[in-house]
Amino acid sequence: MGYGRRSLHASHSAPPPELSRNRFELAREHPHARLRPSAQLTLLAAVAALTAAATAAFGWDAGFHLYLPGLLPLVFLSPNESRPLRSASAAWIAGAYLALHAWLHAQPPRLALDDDTVQVVATANIVCCFLVWGGLAYGHARAVGATRAALERMASEDALTGMPNRRWMDATLAAVEGRRRSDNVPDSALILCDIDHFKAINDRFGHAAGDAALRAVAATIRKSLRAGDQVARWGGEEFLVLLERTDEAEARRVAERIRKAVAEQPVTLGGSKQALSLTLGLALARPDEPVAVSLTRADDALYRGKANGRNQVAFAA
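Let me sum up the structure you'll find in this document. These numbers come from a predicted model, not from an experiment.

1. Notes on the overall build of the protein chain
- A tally of regular secondary structure across the protein chain gives ten helices and seven strands.
- Of the contacts formed within the protein chain by residues at least 6 apart in sequence, a portion of 73% connects residues at least 24 apart.
- Here the protein chain has roughly 17,200 Å² of accessible surface; of this, 58% comes from carbon and sulfur atoms.

Structure follows, in structure tokens:
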């Protein structure tokens, strides 16, 4: 749930296309998870043939048959296969193993080896199988970890500006509110920033120029903050800055520094340099005041700054 008056009315932009894809689709695109179905079928057939040949040559006790069921993790961990193909591959492996067992389990080897050599070969095969299984498990864990990281990043990052998004800031504000209540931490401040005349930018130069303006302003805001300050794209042309452990005088200085930096940094739009400006609503969080109330006061101050001519910092009473 969002905070502040605009959280009830502001429409959220559509999520980036990546968010509509599930984790299995993302896993398919991970470089460690790619294996074409035709290549996988070829691998299954090759391993089966080599397993049968080696088992026939050296006997069942030499352990070459272990490589065939060792393919099952490859089948089930691969994200490329459809469920029917995965089931068919697993059934094929099981059938091939049973056929191999029925054919060669009781047959004497074609190449006679002494017991010690057979034991060494069997041990080596067991070690190799575990190395293969471990490698498959490690690769799968890496693919899953990369997919999870990508999903977490997409869930908390604004695709256009690269800033944290509203979802992330909501969670951060909730954590700050919890710390204020439990630890009695010093004051914090909220700065709601809105690009002036943003609709006119879109109307005059097009939405691509509007996107460029958003990215430029986002970068300028970030450069204007102190270490430890937090900022997120709040929605549309708005950005929300969180200043923890900050008194009124310092909060005013940070807000004014943001406003001045944006005003002094023209952006190329439509082939020409265009000056941009921000109106900022600044609210100092009061003791025991819910974050939602502080945000509403910052929002009211922002509207007042817009009404008074824009390009200014308006402080919430």
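2. Brief notes about a negative patch on the surface
- A surface patch of negative charge is lined by D61, D114, D115 and D116.
- The class of D116 is exposed, set by a relative accessible area of 60%.

3. Some details on the packing of aromatic side chains
- The final tally for this structure, using the stated rule, is three aromatic pairs.
- Considering the side-chain rings of F130 and W133, the 5.2 Å spacing of their centres and the 70° angle between planes classify their relative orientation as edge-to-face. Here W133 and F130 lie together in helix α5 (residues 115–156), a separation of three residues that amounts to about one turn.
- Sitting above the plane of the W234 ring, R166 keeps its charged end 4.1 Å from the centroid.

4. Some details on the nonpolar core
- Judged by nonpolar contacts, the single largest core of 30 residues is most densely connected at I191, I221, F239, V241 and L278.
- Those elements that place two or more of their residues in this core are β1 (189–195), α7 (198–205), α8 (207–224), β3 (238–243), α9 (248–263), β4 (267–269) and β6 (278–284).
- Broken down by element, this core gets its largest block of residues, six residues, from α8.
- Excluding residues within four positions of it along the chain, V241 makes contact with A189, L190, I191, C193, I221, L225, Q230, V231 and I258.

5. A closer look at helix α10 (residues 291–307)
- Taking 1.5 Å of rise per residue, the 17 residues of α10 would be expected to cover 24 Å, and the 24 Å separating its terminal C-alpha atoms lies within 8% of that figure.
- Turning to α10, its buried residues number three or more, namely V291, S294, L295, R297, A298, D299, A301, L302, G305 and K306.
- Following α10 by one or two positions, G309 adopts a phi angle in the positive range, close to 120°.

6. Brief notes about the pattern of salt bridges
- As enumerated under the stated definition, the model contains eleven salt bridges in all.
- Linking R233 and D158 is a salt bridge whose minimum nitrogen-to-oxygen distance equals 3.2 Å. Separated by 75 residues along the polypeptide, R233 in strand β2 (residues 230–235) and D158 in the loop between α5 and α6 (166–183) bring together distant segments of the chain.
- On the basis of relative accessibility, which here comes to 11%, the residue D158 falls in the buried class.
- With a closest N to O distance of 2.7 Å, D196 and K306 form a salt bridge. With a gap of 110 residues between them, D196 in the loop between β1 and α7 and K306 in helix α10 connect regions that are remote in the sequence.

7. Re the sheet that holds β1
- Spatially, five strands are ordered β2-β3-β1-β6-β7 in an open sheet, and the strand pairing comes out mixed. At either margin of the open sheet sits one strand with a lone partner, and together these are β2 and β7 (313–315). Adjacent strand axes in the sheet meet at a mean angle of 20° when their direction is disregarded.
- Judged from the seven bridges that link them, β1 and β6 form a sheet pairing that is antiparallel. Within β6, the residue paired with A189 across the bridge is L284.

8. Remarks on the packing of α7 against α8
- At a minimum axis distance of 6 Å, the contact between α7 and α8 shows a crossing angle of 140°. Between α7 and α8, the crossing angle belongs to the class labelled oblique. Here F198, I201, N202 and F205 of α7 lie close against α8, whose contacting residues are H207, A209, G210, A213 and L214.
- Among the residues making up the contact of α7 with α8, the classes are represented as six nonpolar, three polar and no charged.

9. Overview of helix α4 (residues 83–104)
- With 22 residues, α4 ought to run about 32 Å at 1.5 Å a step, and its terminal C-alpha atoms sit 31 Å apart, in line with that.
- Within the sequence span of α4, burial applies to R86, S89, A90, I93, A96, L100 and L104. Axial view of α4: buried residues confined to an arc of 125°, hence all on one face. Turned more than 90 degrees away from the buried face of α4 sit R83, P84, L98 and A102, all of them exposed.

10. Thoughts on the pairing of β2
- Two elements, β2 and β3, share five bridges in a ladder whose sense is antiparallel. Counterpart to Q230 in the pairing with β3 is L242.
- Between β2 and β3, which pair antiparallel and follow one another directly, the connecting turn spans two residues, one of which, G236, has a positive phi of 60°.

11. Some words on the environment of V291
- One can find V291 in helix α10.
- Counting along the chain gives 102 residues from V291 to A189, while the straight-line C-alpha distance between them is 10.0 Å.

Parameters at a glance
Per chain, residues are indexed from 1 in the order of the written sequence. Reporting in this predicted model follows two pLDDT cut-offs: at least 70 for local features of residues, and 80 or more for side-chain atom pairs to be given and counted; totals over whole chains, interfaces and linings ignore these cut-offs and use all residues. To get the side-chain values, take all heavy atoms of the structure and skip hydrogens and water. Helix numbers and strand numbers start at the N terminus; a helix is a DSSP run of H or I with at least 4 residues, a strand a run of E with at least 2. Should any heavy atoms of two residues lie within 4.5 Å, those residues are counted as being in contact. Each accessible area is a Shrake-Rupley result for a 1.4 Å probe, and residues are judged covered by the shown protein chains and nothing else. A patch consists of residues exposed above 30% relative accessible area that lack any salt bridge, with like charges linked at up to 9 Å and nonpolar side chains (Val, Leu, Ile, Met, Phe, Trp, Tyr) linked at up to 5 Å. Within this document, salt bridges are pairs made up of a side-chain nitrogen of Lys or Arg and a carboxyl oxygen of Asp or Glu, the two lying within 4 Å of each other. By the counting scheme adopted, Arg and Lys are positive, Glu and Asp are negative, and His together with the chain ends is not counted. A single reference atom marks each charge: NZ on Lys, CZ on Arg, CG on Asp, CD on Glu. Throughout, exposure labels follow a simple rule: accessible area from a 1.4 Å probe, protein chains only, divided by the maximum for the residue type, with under 20% read as buried, over 50% as exposed, and the rest as partly exposed. Ring pairs shown here join Phe, Tyr and Trp side chains whose ring centres sit within 6.5 Å, with only the six-membered ring taken for Trp; geometry is labelled stacked below 30 degrees between planes, edge-to-face above 60, and tilted in between. Charge-over-ring placement is defined geometrically: NZ (Lys) or CZ (Arg) within 6 Å of the ring centre, and within 35 degrees of the ring normal. The term nonpolar core refers to a set of buried residues drawn from Ala, Val, Leu, Ile, Met, Phe, Trp, Tyr and Cys, joined through side-chain atoms within 4.5 Å. Multiplying one less than the number of residues by 1.5 Å gives the expected span of a helix. Note: two strands are recorded as paired if DSSP finds a minimum of 2 bridges between them. All axes are obtained by fitting lines to C-alpha atoms, using only the stretch in contact for helices, and the reported angles, taken between N-to-C directions, cover 0 to 180 degrees. Oblique is the label for any angle not covered by the other classes, which are roughly parallel (under 35 degrees), roughly antiparallel (over 145) and roughly perpendicular (65 to 115). Under this grouping Gly is polar, as are all residues other than the nonpolar Ala, Val, Leu, Ile, Met, Phe, Trp, Tyr, Cys and Pro and the charged Asp, Glu, Lys and Arg. The reported arc concerns the directions from the helix axis to the C-beta atoms and nothing else.

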